[in-house]
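# Observations on the three-dimensional arrangement
Here are the chains, one letter per residue:
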Amino acid sequence: MAKCQEDLQVVHQEEVAERTFRLQLSSERIALTARPGQFVMLQARPGTDPLLKRPFSFHRIVPEKGLLEILYRVVGRGTWHLSQCAPETRLNAVGPLGNCFAMPTERSQGVALIAGGIGVAPLHELMVRLALNRPKNMVNEIHFFYGARTAAELIPILQYESLGISVHCSTDDGSRGYKGFVTQLFESVAARNNLLPDMVYSCGPLLMQYHMARWSLAHNVPSQLSLESLMACGIGACLGCALPAPQPDDPMADKYLHVCKDGPIFQAGSIAWTKIQTQPAAPLIFL
Amino acid sequence: MDQDSNATGRPPDLSVELGPLRLKNPVMVASGTFGYGEEYADFLDLRQLGAVVVKGISLLPRPGNPPPRLVETASGLINAIGLENVGVEAFLSQKLPFLREQQVPMIVNILGNTLEEYAELASRLDGVDGIAALEINISCPNVKKGGVLFGTNPEAAAAVVQAVRRETSMPIITKLTPNVTDIREIARAAVNAGTDAISCINTVAAMAVDVFSRRPKLANIIGGLSGPAIKPVALRCTYEVLQAVECPVIGIGGIMNATDALEFLLLGAKAVQVGTANFVNPQVTNQIVKGIERFLQVEGLATIEHFIGTLDSRCVFPFAEEACEP
């Protein structure tokens, strides 16, 4: 799976939920080898400001048509510029990067996918492939837990139920589905139905991922958590996207993994969660 | 016939000499922006580079700083990686063989907390097959000990260069920080202590804060600024160093394209290092080499040496010249 650099062309872009955009890009090379869970570094705008490319996970991959889709939320200047791109705009890209979600290798009673907010982005392609290749993937039940702060932030997910996926929604304010965090919804559904998935796939805010990691370790259920970070290069050169890793021999010693090359998919136990210093996200206000 | 003209149609000669070091072209990659080379092998032909300067190596592995380690600013990037590296033993056994096979001159950037560590590193790397030169890092702003502490004092800088010089017969490049009152003093001290070349600049000490959380944007609070934002500072430093010393100078700072690279060469830098641009465009160095070649063809120059250091420092207003045209 060689990495490459190419210009992607905007085919279509639409706002699918509040400040959330789905961007379809034509790709000659990256789409051919991209796998669910991997990501692409995408230039938001020509020139040097913003300077760096932004990492985006693949939301949909259609190699036979040479198409890629990313789903992103406008959180700063880079994503704002991206949201203004019209069809036929060419955006320089580097990819596919990072590791990918591993499919179940043994017969599986069920898997759970947990998405918090824009964390739905990388789970879509994985979920569709799990559902469409059910016999080959040996997965009986697919439970999808999808939460956001409010209903307006949820992207349309009608198609999932027709694929035989059990969908469970939550919003922090109760404007749709369960009122509360998606992790609480997941835990209550799991407890009520005596559901113990064979694998948990999860993507969302860091605190949510921490909760999923703790649940996964406590219930001895393997997990694949898609994590994010600021990064400059995406290819393991800048070492900017460091996350602390546990050092069982010497808990005080520092050791770091890098989201771009060791991830973005990590198992629950591979991150020293309590060593991460979280920063509250800045509100999207251009003063 | 004008010696500069290149009517033969042959591709221009891009080769340069930096003291004892001969490079096929003046475009290198800067330490810390190119890993150990293998990270970029999918994207470009490493043999087309003048040289690869690998990520700074210390005696023992270093974990680096806690995250967040990066923040993007206007046309710039502030980093506080903290010199994360695999250490000299793992470098020699795991990282060096790949680059040696690529047949590209490899320059090893070294850093230490003490004079003894610099000396020990120089002695371990001396004469190792595949290494073309050592670059002494006395300019990293992101670690508490060593690094920039040696680079901001002429006596300390001279002591590091001497310590390395005693342990190696390899060419030595000394990489300077711009975070000093007078970079010429440090450059003179390094040359008098035996460095073969100077590279400048390392990153500019910088910080960024968030008004909503009222916190710094880097865990280390202060980091080093790189990218297009620092090119004018880098040009000024390179200019000053060139005036102060006779040895070859390598220009570094904010080079994003061939024009930027040519600006440093125009001042008199024998070569350049491309850093942050590698993150943005992993193929940029190959494109810069081609761009320089094209420039020399357009200008009718047979060799890059005919362009290096040809700055005419009498500044004229651009319109004044046009106004004089008949």
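Computed from a prediction, not measured in an experiment: that's the story for all the values here. (Residues numbered from 1 in each chain as written. Chains lettered and ligands numbered in written order. Predicted model: local features only at pLDDT ≥ 70, side-chain atom pairs only at ≥ 80, totals over all residues.)

## Quick notes on the packing of helix α4 (residues 154-167) of chain B against helix α5 (residues 183-192) of chain B
All names here are of chain B. Put simply, α4 and α5 touch, their axes get as near as 8 Å, and they point 30 degrees apart. As far as their axial angle goes, α5 and α4 are roughly parallel. The two elements α4 and α5 cross, and the hand of that crossing is right-handed. Residue-level contacts link P154, A157, A158 and V161 of α4 to E185, I186, A189, A190 and N192 of α5. Among the residues making up the contact of α4 with α5, the classes are represented as seven nonpolar, one polar and one charged. (Axes fitted to C-alpha atoms, helices over the stretch in contact; angles between N-to-C directions. Helix = DSSP H or I, 4+ residues; strand = E, 2+ residues; numbered from the N terminus. Parallel < 35°, antiparallel > 145°, perpendicular 65-115°, else oblique. Left-handed = near helix turned anticlockwise from the far one by under 90°. Contact = placed C-beta atoms within 7 Å. Nonpolar A, V, L, I, M, F, W, Y, C, P; charged D, E, K, R; others polar.)

## So, the interface of chain A and chain B
As a measure of interface size, the accessible area lost when the parts come together is often cited. Contacts between the two partners involve 30 residues from chain A and, on the opposite side, 34 residues from chain B. Elements supplying a minimum of two residues to the side of chain A that touches chain B: β1 (4-17) and β14 (242-244) of chain A. Of the residues assigned to the side of chain A that touches chain B, the class counts are 19 nonpolar, six polar and five charged.

## Quick word on the domain arrangement of chain A
Residues and elements named next belong to chain A. What the domain assignment lists for chain A is domain 1 (4-97), domain 2 (101-226) and domain 3 (230-276). The centre of domain 1, based on its C-alpha atoms, is set 25 Å off from the matching centre of domain 3. Of all the elements in the fold, those that place two or more residues in the side of domain 1 that touches domain 3 are β3 (39-42) and β7 (90-97). Of the residues assigned to the side of domain 1 that touches domain 3, the class counts are six nonpolar, one polar and no charged. (Domains from an automatic or database assignment.)

## Thoughts on helix α2 (residues 115-125) of chain B
Of the positions making up α2 of chain B, those classed as buried are E117, Y118, L121, A122 and L125 of chain B. Viewed along the axis of α2 of chain B, the buried residues span an arc of 135 degrees, placing them on a single side of the element. (Buried ≥ 20, exposed ≤ 12 C-beta atoms within 10 Å, placed from the backbone. Arc of directions from axis to C-beta.)

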